[in-house]
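Notes for the structure review
Given next are the chains, with one letter for each unit.
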Amino acid sequence: MEEMLKLLKESSPILVLLAILAYFAKIFIEKRLEGFAGRVEEIAKTSLDVKKELRSEERSELVALRVAVEKWEYFLQTAVGDFAMLDPAKAEVATLYKKDKKLFLEVRLAIVRVATYLRNKVLEDQLMGAILKIRNVYYPLINEAIPKLIDLQAQIGLIENKLKAFQLSGMKDMAYAPTEEDRQQNLKLQTLLTAEVAKFSQAFLGQYRSIAEQMVALKEDINFYVYRPISGTGINKE
């Protein structure tokens, strides 16, 4: 600094003025750069915070979707067996389809929420593909079994209604007394009912491996997407 002052004293007034202007310009630019760097750092931090929050939302919605799909798939797997075990008087197919409608709606809404966050078209297509595959496998099997179960339940119901009427009469009205034929018919119908459930289960197991493999692969892809590293602060960058 002393050498600079000495040099300024020995220089012309114009050079002195130019030197002073250059000095203050340098300070001004440095301050501006420091301020700019600070703002850039602040923006980056804000973007990173937003990005972390988005990652958290992605994870929550993907988990919610997996839970919704699991509940819906479990219902489809057990619907036939549960329907067969119902009291014939309460075996209404409308209740079955109403529950399916409710659970599948939850899956569809979960897909909508997930699709809002996903920036991975391949993963989004995989999600939709898995759900469509579940429908394409389970629905034909269920739709084949349920009408048969309804018919068997209706026939069993006739015999059980007769037995209930006999019990209500205090076992006195012999017109409602179950006969040996009724007993044999009931046994036959129960056997057919069990056979239909077993047939559904066998058909289901024959198809399940492909679904299970796809669901495992999908779970791994979801985990890879959720726990992927943050490579930049930009919200639209990985």
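Observations concerning the packing of aromatic side chains
Pairs of aromatic rings are described using the distance from one ring centre to the other and the angle between the two planes. Applying the stated criterion to the full structure yields five aromatic pairs. When the centroid spacing of 6.5 Å and the interplanar angle of 10° are considered together, the rings of Phe200 and Phe204 count as stacked. Of the two residues, Phe200 and Phe204 are both situated in helix 5 (residues 180-226); the distance of four residues between them amounts to about one turn of the helix. When sorted by exposure, Phe200 lands in the same class as Phe204, which is buried. The cationic tip of Arg135 hangs over the ring face of Phe104; the distance from NZ or CZ to the ring centre is 4.3 Å.

So, the pattern of salt bridges
For the structure shown, the criterion picks out eight salt bridges. Across the salt bridge formed by Lys71 and Glu106, the nearest N and O atoms sit 3.7 Å from each other. Within this pair, whereas Lys71 is found in helix 2 (residues 13-85), its partner Glu106 is found in helix 3 (residues 93-117), the two being separated by 35 residues in sequence. Of the residues examined, Lys71 reaches a relative accessible area of 44% and is grouped as partly exposed. Across the pair Asp125 and Lys121 runs a salt bridge whose closest N-O atoms are separated by 2.8 Å. With Asp125 and Lys121 both in helix 4 (residues 121-168) and four residues apart, this pair spans about one turn of that helix. For Lys121, a relative accessible area of 55% gives the class exposed.

What to know about the nonpolar core
Trp72, Val107 and Tyr138 are the most contacted members of the largest nonpolar core, which has 47 residues in total. Only helix 2, helix 3, helix 4 and helix 5 provide two or more residues apiece to this core. The leading source of residues in this core is helix 4, at 16 residues. Among residues more than four places away in sequence, those in contact with Val107 are Leu65, Ala68, Val69, Trp72 and Ile131.

What about the packing of helix 4 against helix 5?
One way to put it is that helix 4 packs onto helix 5 with a least axis distance of 10 Å and a crossing angle of 170°. Taken together, the axes of helix 4 and helix 5 are roughly antiparallel relative to one another. A per-class count over the contact of helix 4 with helix 5 returns 25 nonpolar, ten polar and nine charged.

Cut-offs and rules
Residues numbered from 1 in each chain as written. Predicted model: local features only at pLDDT ≥ 70, side-chain atom pairs only at ≥ 80, totals over all residues. Heavy atoms only, no water. Phe/Tyr/Trp six-rings, centres within 6.5 Å; stacked < 30°, edge-to-face > 60°. Helix = DSSP H or I, 4+ residues; strand = E, 2+ residues; numbered from the N terminus. Buried < 20%, exposed > 50% of the residue type's maximum accessible area, 1.4 Å probe, protein only. Lys NZ or Arg CZ within 6 Å of the ring centre and 35° of its normal. Salt bridge = Lys/Arg side-chain N within 4 Å of Asp/Glu carboxyl O. Core = buried A, V, L, I, M, F, W, Y, C linked by side-chain atoms within 4.5 Å. Contact = heavy atoms within 4.5 Å. Axes fitted to C-alpha atoms, helices over the stretch in contact; angles between N-to-C directions. Parallel < 35°, antiparallel > 145°, perpendicular 65-115°, else oblique. Nonpolar A, V, L, I, M, F, W, Y, C, P; charged D, E, K, R; others polar.

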